Each structure stands twice: as C-alpha cells, then as structure tokens.
Amino acid sequence: TNETTPATMKVTLPLLFVLSLFFAVENAEGKILYRGVNQACAEFASGAIPGIPNKNYTFPSTKSVQYFLDKGMNTFRIPFLWERMQPTLGGEFDANYFKGIDGVVKYITDRKGFALLDPHNYIRYKLNGKSNVINGEGSNVTKAHFKSFWKSLASRYLNNAGVLFGLMNEPHGTTTQNVFDVQQAGLDGVRESGATQPVFIEGNAYSGAHSWNSTFYGKPNNADIMGNIVDPLNNVVYEMHQYFDTDSSGSHEECIKWDNSKMRTATRWLRSNGKKGFIGEFLATR
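Residues numbered from 1 in each chain as written. Predicted model: local features only at pLDDT ≥ 70, side-chain atom pairs only at ≥ 80, totals over all residues. Heavy atoms only, no water.

1. Quick look at the overall build of the protein
Scanning the protein for helices and strands turns up seven helices and nine strands. Relative to all contacts within the protein whose residues are 6 or more apart in sequence, the contacts with residues 24 or more apart total 74%. Approximately 13100 Å² of the protein is accessible, and the part contributed by carbon and sulfur atoms is 51%. (Helix = DSSP H or I, 4+ residues; strand = E, 2+ residues; numbered from the N terminus. Contact = heavy atoms within 4.5 Å. Areas by Shrake-Rupley, 256 points an atom, 1.4 Å probe, with all protein chains shown as cover.)

Here it is, written out as structure tokens:
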C-alpha cells in the first residue's frame, strides 16, 4: 500500500484482494460481480523510469491469469505506471508498454473476465525526475493532463465491456478536495471518450476503508465529499483498500484483532449514499 518498490522485479504473486458481501459490487439479485486478484508487476521499480523490461518490471503472465480463472475468479486488477504508459504528458503512448498491458487485458476479456486498469501512481507523475502531485500547488502536472490521459486510454476500449477503469491508486499527501478534483477530471475524460464501462474511484489517505470518515488527513475528508463525484451514466464504484495489521499499511506480517466497527462505518457510508463499494486490496497474513 506504500510507494516503496524494489530495485529488482518480484517473482512471487501476492494475494491482494478478496471481495466480501458488504464491499463487493452486487447485481440486483445480490450476486457478487467482481472477485479476483491483483496482477502486480508492470508497476514495479517506480524509481526506475522508464525501467528495463524483465529486470525492473514485467507484465502479468497469461499462465497466472488462467490459474485464477480456473479457480473461479473473474476480475484482475492490472497496475501500471502512467510514466511508462505515456512518457510525455499529452503525448503518444509507449507502444511496447501498452502492448504488454493490452495483451493481458485481451486475454482476460476474451475469456469473459474483467480487467481493471490501475495507474499505480498515488496521484503523482514523475517529470524530469521530480515527483509532481497532480494538480498540486506548484505542480507542472495538471488535472487537464490526467483527463487527457484517461480520454486517450479509455478510447482504446470503447467496444470491450470487460475493461474497467480504476482512475488512480491510493491518493495521499494532498487535500481531499484535490483528490476529488483530479478523480472527477479523470472520470470526465473517460466519459468524453465515449466509454460507458464502470469507473472506480479511490479516496484520499490511501483510500483506506477504516479511515474513510477519519479527519487525520484533514477536512473535508472522504466521507464529506467523495460521494459528490458526478457521472452522467451513474456508473461509479468506490474502491477502498484494507489491511489488517497494526497501522493498516500491509507492511507487517501479523494481523491484529480487528475492530469491525471501522469497516461498518464505510459500509454505512456506502449504503446511506446509495453507492457501490469494492475492496481493491486486501492482504492475508502468513
């Protein structure tokens, strides 16, 4: 859940998300629509931009995808780095990097699965070696850049209903108002492209379910304003993350005895606002 990434590529596949009845997206019959795993690897070594394929990062393997499909899972979150996908703001996509992501997307959706695209950038973009908070004070990366990026990416999947759009992984270190503004811009870009698929929105403070209504990251908080996102198609899903160690970071081996009231607070927010919820990252202890 943090930004620290290894210098070399990880080779193990972590269990990263499980959908529960309360936070999964359900259809009218109460059936869970999305269940699956993250396919982490294309976003590895974020300090190495653009990075070397198969050394700093790689792309999800179809063998891994097929394994989980055979286990009954149907959804695969595919993290990637915006800088690798679009090395120049407003410019063309990197053909090889996009091909690597697109290949696994097509493998998943050709088998009736869902591919959730996930720029794993924490509401940042590295420009000339410097990390810029999107739309932040003094930043050279604007919400207009973000909107343009999503318009370009979504336009490539207009006719693929199996592709889902996760606008930004774990925003933090900025105001919730800015997170709202950036996410709204990304959503606007998706809809301007003509894409109609579900759009997944994360909140501030790493989008923790336990902290959705907390104030340690300032006011307004996620509960105050993230529900005001406007989608003309009313097809938004609120993605939250939840780890069960001492500080909810996922960085400790041991889980603690969990206070379920923290999750219930997020559940109540979703229900009272008529919103759909989704747990995008969940880590089990050894």
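2. Quick word on the packing of aromatic side chains
Using the criterion set out here, one finds 21 aromatic pairs in the structure. Here Y34 and F200 contribute two aromatic rings whose centre-to-centre distance is 6.0 Å and whose plane-to-plane angle is 55°, an arrangement assigned as tilted. With Y34 in the segment before β1 (36–38) and F200 in strand β7 (residues 199–202), this residue pair connects regions lying 166 residues apart in the sequence. Using a relative accessible area of 1% as the deciding quantity, one classes F200 as buried. Taken together, a centroid distance of 5.3 Å and an interplanar angle of 65° make the contact between W212 and W269 edge-to-face. (Phe/Tyr/Trp six-rings, centres within 6.5 Å; stacked < 30°, edge-to-face > 60°. Buried < 20%, exposed > 50% of the residue type's maximum accessible area, 1.4 Å probe, protein only.)

3. Some remarks on the nonpolar core
F80, I101, L117, W150, L153, F165 and Y238 are the most contacted members of the largest nonpolar core, which has 63 residues in total. If we ignore the near neighbours within four places in the chain, the residues touching F80 are A42, E43, M85, Y97, I101, L117, D118, P119, H120, N121, F149 and L153. Y34, L116, L164 and F278 belong to the second-largest nonpolar core, a separate cluster that totals six residues. (Core = buried A, V, L, I, M, F, W, Y, C linked by side-chain atoms within 4.5 Å.)

4. So, the pattern of salt bridges
The tally for this structure, following the rule as stated, stands at nine salt bridges. Residues E239 and R77 are paired through a salt bridge, measuring 3.1 Å at the closest nitrogen-oxygen approach. Taken together, the residues span a long stretch of sequence, with E239 in strand β8 (residues 236–243) and R77 in strand β2 (residues 75–80) at a distance of 162 residues. R77 shares its class with E239; the two are buried. Across the pair D102 and K106 runs a salt bridge, and its minimum N-O distance is 3.2 Å. Taken together, the residues D102 and K106, both in helix α3 (residues 95–110) and four residues apart, mark about one turn of the helix. Classification of K106 by relative accessible area gives partly exposed; the value is 45%. A single network of salt bridges, built from pairs that share partners, joins R77, D118, E202, E239 and E281. (Salt bridge = Lys/Arg side-chain N within 4 Å of Asp/Glu carboxyl O.)

5. Comments concerning the confidence of the model for the protein
Predicted confidence across the protein gives a mean pLDDT of 88, with 85% of residues reaching 70 or more. Here residues 1–23 is a poorly scored stretch, pLDDT under 50, and it has 76 contacts once near neighbours within four places are set aside; other chains count. (pLDDT = per-residue confidence, 0-100.)

6. What about helix α4 (residues 143–155)?
If you check α4, its first and last C-alpha atoms are 18 Å apart, about what 13 residues at 1.5 Å a residue would give, namely 18 Å. F146, F149, W150, L153 and A154 are the residues of α4 that are buried. In a view along the axis of α4, the buried residues occupy a sector of 120°, so they form one face of it. You can read the cap of α4 off the contacts: a side-chain oxygen lies 3.2 Å from the backbone nitrogen of A144, and it is on T142. (Expected span 1.5 Å × (residues − 1). Arc of directions from axis to C-beta. Polar contact = N/O pair within 3.5 Å; in protein donor to acceptor, adjacent residues only side chain to side chain.)

7. Considering unusual backbone geometry
With an omega of 5°, the peptide bond running from I49 to P50 counts as cis. Cis peptide bonds are those with omega within 30 degrees of zero, and the linkage from K219 to P220 qualifies with -5°. Residue position: P220 is located in the loop between β7 and α6 (222–225). We note that N54 has phi near 70°; this positive angle belongs to a residue other than glycine.

8. Examining the pairing of β2
Counting buried positions along β2 yields six of six residues, so the element is predominantly enclosed. Residues T75, R77 and P79 of β2 are buried on one face, and the alternating residues F76, I78 and F80, pointing to the opposite face, are buried as well. Two elements, β1 and β2, share three bridges in a ladder whose sense is parallel. If you follow V37 over to β2, its bridge partner there is F76. With helix α1 (residues 62–70) bridging β1 and its parallel neighbour β2, the resulting β-α-β unit is right-handed. In this sheet, strand β3 (residues 114–119) lies alongside β2 in parallel orientation, the contact comprising six bridges. (Pairing = 2+ DSSP bridges. Right-handed = clockwise from strand over helix to strand, strands pointing away.)

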